[in-house]
Amino acid sequence: MKVVDMHCDTIAEIYKDHERGGRQSILENRLMLDLRKMQAGDYGLQNFALYVNLEQAKGSPFEFCMELLDTFYQEMEAHEDIIGIVRSYEDISRNWEQGRMSALLTVEEGGTCQGKTAFLRDLYRLGVRMMTLTWNFKNGLAEPNIVPGTDDMWPRPANTTGGLTEKGLEFVEEMQRLHMLVDVSHLSDAGIWDILRVAKRPFVASHSNARACCPHVRNLTDEMLTAMGEKGCLIGLNYCASFLDTNPDRSQVRSRITDMARHARYIMDKAGEDCLALGSDFDGIDGDLEIAGAQDMPKLAEGLKKEGIPERVVEKIFYGNAVRFFSENL
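Residues numbered from 1 in each chain as written. Predicted model: local features only at pLDDT ≥ 70, side-chain atom pairs only at ≥ 80, totals over all residues. Heavy atoms only, no water.

Some thoughts on the nonpolar core
Reasoning step 1: F48, I195 and L300 are the most contacted members of the largest nonpolar core, which has 97 residues in total.
Reasoning step 2: The greatest single-element share of this core, amounting to eight residues, is contributed by helix α3 (residues 61-78).
Reasoning step 3: Sequence-distant contacts of L300, defined by excluding residues within four places in its chain, comprise Y239, I257, M260, L278, I291 and F318.
Reasoning step 4: Core analysis: the next-biggest nonpolar cluster, separate from the first, contains 16 residues, L181, A322, V323 and F325 among them. (Core = buried A, V, L, I, M, F, W, Y, C linked by side-chain atoms within 4.5 Å. Buried < 20%, exposed > 50% of the residue type's maximum accessible area, 1.4 Å probe, protein only. Helix = DSSP H or I, 4+ residues; strand = E, 2+ residues; numbered from the N terminus. Contact = heavy atoms within 4.5 Å.)

Structure representation (structure tokens):
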């Protein structure tokens, strides 16, 4: 079954390996995702995030992002017979007709643009088609739903007061004009509601689950799920154990297909079955994972069906909803 995945951090991990003198490649590596694993998992498209940690970018997040971008392009160009870069929906169709997988470029951290819409437009020109407004730091656009350095992320109150700034609202308007997808994963509750209020186009939560199923502040509330479903948004199911498992001993949380199915059913109940996609967060998560890499996706498909989700719906979750969404919004 074809796979479209809304989020992974693999490029940042390859970049860090190269900085240490390593030679890991997108073709084959020791990470959770590479082209060989993707082929084994029957991937059609992977969203590759340029993950920018503002504390580690040493004063120039945009420059650091350009280094990540160079890594992305070098890896993709070296293997263009296997995977092609996507700038439009037509590129997806063309790649698949040619027997190639697709790579859609995203940025994880709106602070990368340093408050400059010119930098935002430059990212678009360079192929970026989706961006989170925040990661886990407050920036000039908005506030996140968690503070770095904490040993746990729940139970903990959500950020219901720190929404979008005026600059953040300006960025949302410009992103939607460009057809660069707004990604609300990591954004505060207040910020998500601001987006729901002002957005003229559907947006995404690339790697977030249901808060009613696991009270992690990075998950979405019932009200958010319903509102996003009504707006035609897309939600990527996150495989991270902390977002799935309610075990009160947070050192013992596990990521299991049964919990993924539980979240999937709940999200679809609140937002509709057209809203749900996959958002693995591969190479951004660790721990006890039943789905531990891209090669395991056939196991997930079979597992969701065994959990009672009809094959027709599993196909929508795996690729159908995301492909339709890209056809309508890229």
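A few points about a negative patch on the surface
Reasoning step 1: Residues E19, E63, E67, D70, E77, E80 and D81 make up a contiguous surface patch of negative charge.
Reasoning step 2: For the negative patch, the element with the most residues is α3, which contributes four residues.
Reasoning step 3: With respect to the secondary-structure elements, D70 resides in helix α3.
Reasoning step 4: For D70, a relative accessible area of 41% gives the class partly exposed. (Patch = residues over 30% accessible without salt bridge, like charges linked within 9 Å, V, L, I, M, F, W, Y side chains within 5 Å. Areas by Shrake-Rupley, 256 points an atom, 1.4 Å probe, with all protein chains shown as cover. Salt bridge = Lys/Arg side-chain N within 4 Å of Asp/Glu carboxyl O. Lys, Arg positive; Asp, Glu negative; His and termini not counted. Charge placed at Lys NZ, Arg CZ, Asp CG, Glu CD.)

Quick notes on the packing of helix α7 (residues 189-198) against helix α8 (residues 222-230)
Geometry of a packed helix pair, given as the angle between the helix axes and the separation of the axes.
Reasoning step 1: Where α7 meets α8, the axes come as close as 11 Å, and the angle between the chain directions of the two elements is 25°. Of the possible angle classes, the one that applies to α7 and α8 is roughly parallel. Crossing angle aside, the handedness with which α7 passes α8 is left-handed. Touching D189, I192, W193 and L196 of α7 are E223, M224, A227 and M228, all from α8.
Reasoning step 2: Considering only residue class, the contact of α7 with α8 consists of six nonpolar, no polar and two charged. (Axes fitted to C-alpha atoms, helices over the stretch in contact; angles between N-to-C directions. Parallel < 35°, antiparallel > 145°, perpendicular 65-115°, else oblique. Left-handed = near helix turned anticlockwise from the far one by under 90°. Nonpolar A, V, L, I, M, F, W, Y, C, P; charged D, E, K, R; others polar.)

Structural notes on the packing of aromatic side chains
Reasoning step 1: Enumeration according to the criterion identifies eight aromatic pairs in this entry.
Reasoning step 2: Note on F48 and F72: the rings are 6.1 Å apart at their centroids and 55° apart in plane angle, and the pair reads as tilted. Residue F48 is located in strand β2 (residues 43-51), and its partner F72 is located in helix α3; the two are separated by 24 residues in the primary sequence.
Reasoning step 3: Residue F48 is classed as buried on the basis of its relative accessible area, which comes to 0%.
Reasoning step 4: Measuring from centroid to centroid gives 6.4 Å for F325 and F326, while their planes differ by 70°, and the two rings are edge-to-face.
Reasoning step 5: On the accessibility criterion, F325 (0% relative accessible area) is buried.
Reasoning step 6: Overall, F326 belongs to the buried group, its relative accessible area being 1%.
Reasoning step 7: A network of ring pairs unites the aromatic residues F48, F72 and Y73 as a single cluster. (Phe/Tyr/Trp six-rings, centres within 6.5 Å; stacked < 30°, edge-to-face > 60°.)

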